[in-house]
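Now for the letters of each chain:
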Amino acid sequence: MDLKSSHVSPVLTDPVPVNKSRLGIHSSLLAYSQQDSPVSPGKYSRSNSRKSTGSVDDVRSNGWLDAMKASSPPRKKLLKGSSFQIASIDFEIEDYCTWMLEYPSALDSFEKIVDLAQNKKIAMFLDYDGTLSPIVDDPDCAFMSESMRTTVRSVATYFPTAIISGRSRDKVFDLVKLTELYYAGSHGMDIIGPVSETLSKNHPNCVKSTDHEGKEITLFQPAREFLPMVDEVFRTLVEITKDIEGVKVENHKFCVSVHYRNVEENNWTIVGQRVHDVLQNYPRLCSTHGRKVLEVRPVIDWNKGKAVEFLLESLGFNDSDGVLPIYIGDDKTDEDAFKVLRESNRGYGILVSSVRKESNACYSLRDPNEVMKFLQLLVNWKRQERKHGKM
Ligand SMILES: O=P(O)(O)OC[C@H]1O[C@H](O[C@H]2O[C@H](CO)[C@@H](O)[C@H](O)[C@H]2O)[C@H](O)[C@@H](O)[C@@H]1O
């Protein structure tokens, strides 16, 4: 990619050390219970004088471990013939049905949704993991099906479509493999969008660039100055967690994922303690919970919601009534996008979940299979509209 300008300045809020509050861990916690801290300050860290001195019991009692457990629906182990199991499944189904009164199925509500799309242009925003691909144990194996790829390609033929993922932009592109889309990686901190003159005026730190096909695009990386710091933290986290079986640390350019899905539950507190202890030396980085993953990211005023606003603006839909944005996602980070749509009273957030969850979304879909059905309905509806000479 040829950068025509390298003038990129970050959009920063005050460098507040929010990592403690976001994790819900009191600052007095989190020294290693098993060994002395191997954390040493790097070039981009503060001195390690803020090393904490807590215990595993403290971590358990402040609710943080509960947040880790609740971060993804548990796998169901079916015990044949167990009446307790059957009763608990009955309860779950009933509970889910009650929840769906508040978050109706986007499939059942399809007519209502497209009714609002009359004379408007739909802009489609899609999360990747858990939305286009099923959640699997190994993040490197979270592949989307060919039928999902074909469906997303068709969606992009009719509507401007963007993928907004926690993964790095390159990694999510390698998985999706569609050049017809816009991509925002690192939870929206690395965006490739359409070229727009008005946008450049509002966001002086945008860079005009070209993609690998030579097409002009806009590159926006509001956390660019954090690159060396995030890289340093990635290497430290790999080192510091290497003795915990099952931990996987991913470098997503502007953020780092520390996965504990494959770690013995007894060791989850240790994973959290080590992440937190490293962050003690980086007050400009924080950590948030994803699905069996701790996400380390810069403390900046930017998230998936801001990325949606940015992309809408770059598509020329700033403050426009002529657009109906639809955002489909399954995770906590997608809530920022649902919130933006809810608060600006335009478009719909659709939560992908097979269990009850509080959300800022309006509708729900159970899993990636239902996401595909919904996208196919949308494509078929648009084809019919065109056939009948509408839009
Ligand atoms: O914003 P997303 O596209 O949804 O990315 C969020 C995280 O997704 C990946 O982790 C999740 O999916 C994995 C594969 O199914 C699963 O093993 C893991 O437990 C989930 O947390 C990705 O690996 C992370 O880096 C993303 O931040």
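Here the structure is a predicted model, which is why all the values come from computation and not from measurement.

**Some points on the nonpolar core**
Here is a general trend for soluble globular proteins: nonpolar side chains tend to be buried in one another's company.
Part 1: Grouped together as the largest cluster of nonpolar side chains are 57 residues, with contacts concentrated most on Phe125, Leu237 and Leu285.
Part 2: When residues are assigned to domains, this core turns out to be shared by domain 1 (90-191 + 302-389) and domain 2 (226-298), each giving three or more.
Part 3: With near-sequence residues (within four places) excluded, Leu237 lies in contact with Val249, Val256, Val258, Val275, Val278 and Val296.
Part 4: Judged by nonpolar contacts, the second largest core, of 39 residues, contains Phe110, Val352, Leu378 and Val379.

**A closer look at the pairing of strand β12 (residues 348-352)**
When a strand is regular, its side chains alternate between the sheet's two faces.
Part 1: Of all five residues making up β12, five are buried, and the element is well covered by its neighbours.
Part 2: Neither face of β12 is exposed, since Tyr348, Ile350 and Val352 on one face and Gly349 and Leu351 on the opposite face are all buried.
Part 3: Where strand β11 (residues 323-329) lies against β12, four bridges are found, and the strand directions are parallel. Bridging across to β12, Ile326 finds its partner in Tyr348.
Part 4: Pairing geometry for β12 and strand β13 (residues 363-365), over three bridges, is parallel. Bridged to Ile350 within β13 is Tyr363.

**Quick look at unusual backbone geometry**
Part 1: Phi at Lys177 takes a positive value of approximately 60°, unusual for a residue other than glycine.
Part 2: Among the structural elements, Lys177 can be located in the loop between α7 (169-176) and β3 (182-185).
Part 3: One non-glycine residue, Lys292, lies in positive phi territory at about 55°.
Part 4: Mapped onto the fold, Lys292 is located in the loop between β9 (285-290) and β10 (293-298).
Part 5: The class for Lys292 is buried, based on a relative accessible area of 10%.

What counts as what
- Residues numbered from 1 in each chain as written.
- Predicted model: local features only at pLDDT ≥ 70, side-chain atom pairs only at ≥ 80, totals over all residues.
- Heavy atoms only, no water.
- Core = buried A, V, L, I, M, F, W, Y, C linked by side-chain atoms within 4.5 Å.
- Buried < 20%, exposed > 50% of the residue type's maximum accessible area, 1.4 Å probe, protein only.
- Domains from an automatic or database assignment.
- Contact = heavy atoms within 4.5 Å.
- Helix = DSSP H or I, 4+ residues; strand = E, 2+ residues; numbered from the N terminus.
- Pairing = 2+ DSSP bridges.

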